[in-house]
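These are the residues of each chain, in order.
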Amino acid sequence: MAIRLSRLLWGAGFLAVLALCGAPDLAVRAAQSEADARKTEAELQAVKSEIERVTRQVTEEQVERDRLSRELRTAEISVGKAREGLDGVRRGRAERASKRAALASERRAREADLGQNRSGLAGQLRAAYLIGREEPLKLLLNQKDPERAGRMFVYYSYFGRARAEQIHGIENDVQAIASLDEQVLAEDAKLAELEKQQRADLLELEQAREKRSGVLASLTAESNSHAQSLERLKSQQGGLEKLLRELRRAIEKFPIDNNDAFAHLRGKLAWPVGGKLVARFGEPRAGGVKWDGVLVATERGAPVRAVYGGRVIYADWLPGLGLLTIVDHGEGYMSLYGHNERLYKAAGERVSAGDTLGSAGDSGGSNRPELYFEIRKGGKAVDPRPWFRAGEP
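If you're wondering where the values come from, they're calculated on a predicted model, not measured in any experiment. All residue numbers refer to positions counted from 1 along the written sequence of the respective chain. Where totals are concerned, whole chains, interfaces and linings use all residues; where local detail is concerned, this predicted model gives features only for residues with pLDDT of at least 70, and gives and counts side-chain atom pairs only at 80 or more. Just so you know, side-chain values use all the structure's heavy atoms and leave hydrogens and water out.

Trainee: Provide a residue-level description of the overall build of the protein, including the pertinent values.
Mentor: Secondary structure is summarised from DSSP: a helix means a run of H or I of at least four residues, a strand means a run of E of at least two, and numbering begins at the N terminus for each. Across its full length, the protein holds five helices and 12 strands. For each residue, the accessible area found with a 1.4 Å probe, counting protein chains only, is set against the maximum for its type, and the residue is called buried under 20%, exposed over 50%, and partly exposed in between. Taken over 393 residues, the protein has a buried fraction of 36%. Taking contacts inside the protein between residues at least 6 apart in sequence as the whole, the part at least 24 apart equals 73%. Whether two residues are in contact is decided by their heavy atoms: any pair within 4.5 Å suffices.

Trainee: Tell me about the pattern of salt bridges, and name the residues and values.
Mentor: By convention in these notes, a salt bridge is any Lys or Arg side-chain nitrogen within 4 Å of a carboxyl oxygen on Asp or Glu. All told, the structure shown has 10 salt bridges when counted by the stated rule. The residue Arg-376 makes a salt bridge to Glu-241 at a minimum N-O spacing of 2.9 Å. Highlighted residues: Arg-376 in strand E11 (residues 370-377) and Glu-241 in helix H5 (residues 226-251), separated in sequence by 135 residues. We note a salt bridge from Glu-374 to Arg-376, for which the minimum N-O separation is 2.7 Å. Under the relative-accessibility criterion, Glu-374 is labelled buried at 1%.

Trainee: An account of the side chain of Glu-246 is needed here, citing residue identities and associated values.
Mentor: If you trace the backbone, Glu-246 turns up in helix H5. The definition of a polar contact used here is a pair of N or O atoms within 3.5 Å, where within protein one atom must be able to donate a hydrogen and the other to accept one, and adjacent residues in sequence count solely through side-chain atom pairs. A polar contact of 3.1 Å, which involves the side chain of Glu-246, links it to the side chain of Arg-249.

Trainee: Describe the nonpolar core, and please don't skip the residues or the numbers.
Mentor: Residues enter a nonpolar core if they are buried and are Ala, Val, Leu, Ile, Met, Phe, Trp, Tyr or Cys, with the set joined through side-chain atoms within 4.5 Å. Formed by 25 residues in total, the largest nonpolar core has its most connected members in Phe-262, Leu-269, Val-307, Tyr-337 and Phe-373. Elements supplying a minimum of two residues to this core: strand E4 (294-297), strand E8 (333-343), strand E10 (356-360) and E11. Broken down by element, this core gets its largest block of residues, three residues, from E11. Dropping the residues within four chain positions of it, Phe-373 is found in contact with Pro-272, Gly-293, Val-294, Val-307, Ser-335, Leu-336, Tyr-337, Pro-384 and Phe-388. Ranked by size, the runner-up nonpolar core spans 20 residues in total, among them Leu-240, Ile-251, Leu-321 and Ile-326.

Trainee: Please provide a residue-by-residue account of the pairing of E8, values included.
Mentor: Burial of E8 is extensive: 10 of the 11 residues sit out of reach of the surface. With six bridges joining them, strand E7 (residues 322-330) and E8 adopt antiparallel strand pairing. Residue pairing across strands places Val-327 opposite Ser-335, the latter belonging to E8. Counting the residues that bridge the hairpin from E7 to E8 gives two residues, and of these Glu-331 lies at a positive phi of roughly 55°. By the convention used here, strands pair only if DSSP detects at least 2 bridges between them. Across six bridges, E8 lies against E11 in antiparallel orientation. Following the sheet pairing, Met-334 is matched in E11 by Arg-376.

Trainee: Which residues make up the environment of Phe-388, and what are the values?
Mentor: With respect to the secondary-structure elements, Phe-388 resides in the segment after strand E12 (380-382). When the C-alpha atoms of Phe-388 and Leu-269 are compared, they prove to be 4.5 Å apart, with 119 residues separating the residues in sequence. The contact partners of Phe-388, leaving out residues within four places of it in the chain, are Gly-267, Lys-268, Leu-269, Ala-270, Trp-271, Pro-272, Val-307 and Phe-373.

Trainee: Got a sec to walk through the packing of aromatic side chains? Specific residues and values, please.
Mentor: By convention, a stacked pair of Phe, Tyr or Trp rings (six-membered ring in the case of Trp) has centres within 6.5 Å and planes under 30 degrees apart, an edge-to-face pair has planes over 60 apart, and any other such pair is tilted. A complete count under the given rule lists eight aromatic pairs for this structure. Their ring planes at 25° and their centres at 5.0 Å tell us that Phe-262 and Trp-387 sit as a pair that is stacked. Pair noted here: Phe-262 is in the loop between H5 and strand E1 (276-279) and Trp-387 is in the segment after E12, with a separation of 125 residues, a long-range link. Looking at Phe-262, the relative accessible area reads 1%, which means it is buried. Owing to a relative accessible area of 5%, Trp-387 belongs among the buried residues under this scheme. Consider the rings of Phe-373 and Phe-388, whose centres lie 5.7 Å apart with planes at 45°: the pair is tilted. Here Phe-388 lies in the segment after E12 and Phe-373 lies in strand E11, a separation of 15 residues in the sequence. For the pair formed by Phe-373 and Phe-388, the shared burial category is buried.

Trainee: Account for the side chain of Ser-335, with residues named and values stated.
Mentor: Residue position: Ser-335 is located in strand E8. On the basis of relative accessible area, Ser-335 is assigned to the buried category, the value being 0%. A polar contact of 2.8 Å, which involves the side chain of Ser-335, links it to the side chain of Tyr-337. Excluding residues that lie within four positions of it along the chain, Ser-335 makes contacts with Val-307, Thr-325, Ile-326, Val-327, His-329, Phe-373 and Glu-374.

Trainee: Provide a residue-level description of unusual backbone geometry, including the pertinent values.
Mentor: The backbone of Glu-331 shows a phi angle near 55°, a positive value even though the residue is not glycine. Glu-331 sits in the partly exposed class, given a relative accessible area of 46%. Located in the positive-phi region is His-339, a residue other than glycine, with phi close to 70°. Mapped onto the elements of the fold, His-339 is located in strand E8. Residue classification places His-339 among the buried positions, given a relative accessible area of 6%.

Shown next, in the form of structure tokens:
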């Protein structure tokens, strides 16, 4: 027994020594992990700063060069903000309406409880009336049957407690109904305020749309000349190429590691949006300019999803493509998503395959909701269709 105890003590001491020896190692690993986290955060901030610098530089150059593009950008961003505000108000109204319905339902349940409690109290009072007010005194004076008298006093106590509970329940129900009435009135007031805000947001949206329509009409009138139209198209294409060059140069300092996975996904990707393919890679646009991607006609507000994981390196308005998101997939691969109505991801954010990047729209001067999509390898546009599982979206 003594030998076994000494072995146990020795083993415990040995484990304690191991723990003490391992403690510094654990502390070192924790410190290293914290240092890595700080480094990652610092790199992320550096990436965001560099991307923002490139975005400001290239976007401002492109927009300032063309007065109508500048006006279109202002109008379309106003439309997007107005629509976002309107959607928020509509969601708020739906939530408030649901809450009011729940309060009204709870009030009806309380009224039903009140009715039951009142009915129960009425029954108790009828029973007390039938027994008579003097009956307990008679039982007390009549000692011929003490057991019967004891049982009757117990019954009377039950009646008394039941009446007290019924009265207490009625009081609670009345107070609860009064409180619910106040809450319903408050929700009605909030709903009225939201309806007023919705009307204001609708008016703002219509005004923004009218302003955009006016700018588009000016663009159409100015582009009646084939030469002017071609000049604007080439300028927009040149702006995109410059943006991509600057972005590639900026993110070379902060590469992402996707294990070259994107290169092996040819023929396996899902389309970023559903709809009808209306322009294909390599088809002529005007004056020898060709499509560097595909154009998909779709429904306004349709979710635009990332075809693969990566890092958002651009999320802003660009002439010709409107609200544009560019995702860096690593190893020189990028995907571009243009003509969005709204953007949900900011530059620097990591995304996974299938994440919603934005909602489809007609920004950039389109005359219908559509998505422009490109895949780039090393800055060069490649035909995206062979990368998808299905031949059509």
